[in-house]
Amino acid sequence: PTSKLPDVGTTIFTVMSTLANEHKAINLSQGFPDFNCPEPLMNLVTKYMHEGFNQYAPMAGLPQLRQKISLKTEKVYGYRPDPDTEVTVTSGATEALNAAISAVVKPGDEVMVLEPCYDSYVPVIRLCGGSPVFVPLSLPDFSVDWDQVKNRLSSRTRLIIINTPHNPTGAVMSRQDMNTLANLLNGTDILVLSDEVYEHMVFDGQEHFSVLQHPQLRERSFVVSSFGKTYHTTGWKVGYAVAPPQLSKELRKMHQFITFSTATPFQLAIADFMEEEAHYLELPNFYQAKRDFFLQQLQQTRFEFMPSAGTYFQLVKYNGITDEHDLDFAKRLTTETGVAAIPISAFYHDKTDNKYLRFCFAKSEETLRAAGEMLAKV
Ligand code: PMP
Ligand code: GLN
């Protein structure tokens, strides 16, 4: 049988987590916390389950959750989306990304993608008959080369996908970046999909600048976030998309036939727990401390690092250790050293190997210390 996605294998996150489990390695590959989510949040889920809230939620998301998302968006970004027409709850950011791309990309359209990029974007673009146009982020800091973006825009460009804070590099886009993007798109009908799932993980006093803060950009954008990241609940798969009414309407046409709706007790619990603003306000410090602890562990190793500006990932360069391809090295590190990481080539369409690995530091100090000791032997 012919495959609809002949170049797509099993996602690197599944490949590496499976290998880590098989070899009982410390899993710093796939991004997820190894500590639990807040106790009150869990209690709310079971409370609502026992109260009988176990049937379909409304298609667009529970009204009270959409309301809370709207109020929080206003508090954090100074813009209050209409909860009825501009906020859609989805089954994780993954579903929101799929629904947004599927809603707007037609056969023959071009979609600009900045590489390295999260691995779910391109397959969905291709399934829609779109052509990804790849623009590499500039080494060594993985900043956006806006001149190149400008040069690659065409009359067929339908959408540009950005991701800040950026997985896997930890790079954070500045206000200036957003202004430049807005100027480039001015006078075109190109849309923006902004993946901001790490919005609350930005370090060293830097700020996350959201597309929602930019009036000209938000008019043409889907902005996607994930409660999995913010509340340490990646397994619950609850996320959302904010977009102007016309775009939200199209996104919902997809969402209603991808999952229809998202798990009810989780939505109820999250809506209540969103009152706890301290949780997300403390997240930058919480993860910065983890990053710093992990960097301390890396001091005793031969891996080279630049501090991660955001996300819960740390990129390391290993060319002082071996010239192996990053996928081979990541596998060997898992099976022989006992620490699993993600090879960055997986985030490039042509598997470009710049000799980088990505470690996830959303882990207890105990885990990070043990990983450091093992990595010191490499
Ligand atoms: N976008 C990026 C950049 C991510 O890192 C992730 C999570 N790995 C997602 C989207 C998907 O988020 P979710 O788990 O909520 O589907
Ligand atoms: N977003 C996570 C990461 O980058 C993985 C998500 C997934 O496994 N699909 O590691």
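Residue numbers here run from 1 along each chain, matching the order of that chain's written sequence. Here the convention is simple: chains get letters from A, ligands get numbers from 1, in the order in which they are written. This being a predicted model, a pLDDT of at least 70 is required before a residue's local features are given, and a value of 80 or more before pairs of side-chain atoms are given or counted; all residues contribute to the totals for chains, interfaces and linings.

A.B. asks: Quick question: what am I supposed to make of the domain arrangement of the protein here?
C.D. replies: How big an interface is tends to be reported as the loss of accessible area on association of its parts. The assigned domain composition of the protein is domain 1 (12-30 + 278-375) and domain 2 (54-275). In this document the domain limits rely on a domain assignment from an automatic tool or a database. Each of domain 1 and domain 2 has a C-alpha centre, and the two are 25 Å apart. Here, residues touch in the contact sense if the C-beta positions derived from the backbone fall within 7 Å of one another. The partner domain 2 presents 25 residues to the 23 residues of domain 1 that form the contact. Numbering of helices and strands starts at the N terminus; helices are DSSP runs of H or I of at least 4 residues and strands are runs of E of at least 2. Taken together, the elements giving at least two residues each to the side of domain 1 that touches domain 2 come down to helix H12 (277-299) and strand E10 (313-317). The element contributing the most residues to the side of domain 1 that touches domain 2 is H12, with six residues. When grouped by side-chain class, the residues that make up the side of domain 1 that touches domain 2 number 14 nonpolar, seven polar and two charged. Under the grouping applied here, Gly and all other residues not named as nonpolar or charged are polar, the nonpolar ones being Ala, Val, Leu, Ile, Met, Phe, Trp, Tyr, Cys and Pro and the charged ones Asp, Glu, Lys and Arg.

A.B. asks: I tried to follow unusual backbone geometry on my own but got confused; where do I start?
C.D. replies: Residues apart from glycine generally show negative phi values, whereas peptide bonds are mostly found in trans. Going from Leu139 to Pro140, the amide bond is cis rather than trans, its omega being 5°. Structurally, Pro140 is set in the loop between strand E4 (131-136) and helix H6 (146-152). Backbone torsion omega between Asn167 and Pro168 reads 15°, so that peptide bond is classified as cis. Inspection of the secondary structure puts Pro168 in the loop between strand E5 (157-163) and helix H7 (175-185). Although it is not a glycine, Phe142 sits at a positive phi angle of roughly 60°. Whether a residue is buried, exposed or partly exposed follows from its count of other C-beta atoms within 10 Å of its own C-beta, namely 20 or more, 12 or fewer, or something in between, respectively; the C-beta atoms are built from the backbone. Given 21 C-beta atoms within a 10 Å radius, Phe142 is considered buried. The phi angle at Lys355 is positive, at roughly 65°, despite the residue not being glycine. In this fold, Lys355 is placed in the loop between strand E12 (342-343) and strand E13 (356-360). With 20 C-beta atoms counted inside 10 Å, the residue Lys355 sits in the buried group.

A.B. asks: Looking at this structure, I do not really get the sheet that holds E12. What am I missing?
C.D. replies: Consider a sheet: its strands pair through backbone hydrogen bonds, and that pairing is either parallel or antiparallel. Pairs of strands are assigned from DSSP output, requiring at least two bridges between the strands. Strands sit in the order E9-E10-E13-E12 across an open sheet of four strands; the sheet is antiparallel. Looking along the sheet, the strands with just one partner apiece sit at the ends: strand E9 (304-305) and E12.

A.B. asks: Quick question: what am I supposed to make of the UniProt feature "domain: Aminotransferase class I/classII large" (unreviewed entry) in the protein here?
C.D. replies: UniProt's feature table lists "domain: Aminotransferase class I/classII large" (unreviewed entry) at residues 25-371, given in the numbering used throughout. The annotated region residues 25-371 carries 40% helix and 16% strand content, and the separation between its end C-alpha atoms amounts to 9 Å. UniProt positions are given in the numbering used here, feature names are shortened, and annotations may be inferred rather than shown by experiment.

A.B. asks: Mind showing me how you'd approach the nonpolar core here?
C.D. replies: Inside soluble globular proteins, nonpolar side chains tend to come together where they are buried. Counting residues in hydrophobic clusters, the biggest one holds 114 residues, and the most contacted among them are Ala100, Ala241 and Ile270. Apart from the residues within four sequence positions on either side, Ala241 is in contact with Thr88, Thr90, Ala96, Ala100, Phe222, Val223, Val224 and Leu251. Working definition: the nonpolar core is a set of buried Ala, Val, Leu, Ile, Met, Phe, Trp, Tyr and Cys residues, joined through C-beta atoms within 7 Å.

A.B. asks: Looking at this model, I keep getting lost on the site of ligand 1. Mind explaining?
C.D. replies: Ligand 1 sits among 14 residues. The nearest are Gly92, Ala93, Thr94, Asn167 and Ser226. Ranked by the residues each element gives to the shell around ligand 1, the list is headed by helix H4 (residues 92-104), at three residues. Its residues placed into classes, the shell around ligand 1 shows three nonpolar, nine polar and two charged. Placing the C-beta atom from the backbone, one calls a residue near a molecule or strand if that atom lies within 6 Å of it.

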